[in-house]
Amino acid sequence: MKTEPTILNLCQTARTMINDLKKLTMSEDREEEIHEFYVRYSNMDNKYLLENSCSPCPIFDDPPLYVFNDAMLTLEIAYQRFEAIGTIQDSK
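Residues numbered from 1 in each chain as written. Predicted model: local features only at pLDDT ≥ 70, side-chain atom pairs only at ≥ 80, totals over all residues. Heavy atoms only, no water.

1. Topic: helix 1 (residues 7-22)
Thought 1: Helix length check: helix 1 (16 residues) gives 23 Å between terminal C-alpha atoms against 22 Å at 1.5 Å per residue, within 8%.
Thought 2: Here helix 1 has its buried residues at Ile7, Leu10, Cys11, Ala14, Met17, Ile18, Asp20 and Leu21.
Thought 3: Leucine 24 sits one or two positions beyond helix 1 and adopts a positive phi of about 65 degrees. (Helix = DSSP H or I, 4+ residues; strand = E, 2+ residues; numbered from the N terminus. Expected span 1.5 Å × (residues − 1). Buried < 20%, exposed > 50% of the residue type's maximum accessible area, 1.4 Å probe, protein only.)

2. Overview of the nonpolar core
Thought 1: Formed by 22 residues in total, the largest nonpolar core has its most connected members in Leu21, Phe37, Tyr41, Phe68 and Leu75.
Thought 2: Contributions of two or more residues to this core are made by helix 1, helix 2 (28-42) and helix 5 (65-85).
Thought 3: No other element matches helix 5, which puts nine residues into this core. (Core = buried A, V, L, I, M, F, W, Y, C linked by side-chain atoms within 4.5 Å.)

3. Some thoughts on the packing of aromatic side chains
Thought 1: Counted under the stated rule, the structure contains two aromatic pairs.
Thought 2: Both rings, one in phenylalanine 37 and one in tyrosine 41, keep their centres 5.0 Å apart while their planes meet at 45 degrees; by these two values the pair is tilted. With phenylalanine 37 and tyrosine 41 both in helix 2 and four residues apart, this pair spans about one turn of that helix.
Thought 3: On the basis of relative accessibility, which here comes to 9%, the residue phenylalanine 37 falls in the buried class.
Thought 4: Measuring from centroid to centroid gives 6.4 Å for tyrosine 41 and phenylalanine 68, while their planes differ by 85 degrees, and the two rings are edge-to-face. Of this pair, tyrosine 41 sits in helix 2 while phenylalanine 68 is found in helix 5, placing the two residues 27 residues apart along the sequence. Phenylalanine 68 shares its class with tyrosine 41; the two are buried. (Phe/Tyr/Trp six-rings, centres within 6.5 Å; stacked < 30°, edge-to-face > 60°.)

Below, the structure written as structure tokens:
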């Protein structure tokens, strides 16, 4: 059973998160969501991701895997920058 989102959806999610991190201010819940996404997918084996993607044929239907890997690297850099100079708003 396919359990992972399509690579296209993962790329779009990562890009949305990168844009959120660039704003330098976000809620604690959003920061935690970004952190959990990054931890889950940054170290995931590419073969596992391709084999378990919900896309019927990830090789042809999704962007190449290196596009996702590049988005994850950019997400890591944006997250490190946010940790250095960003602000988390109280959720109250």
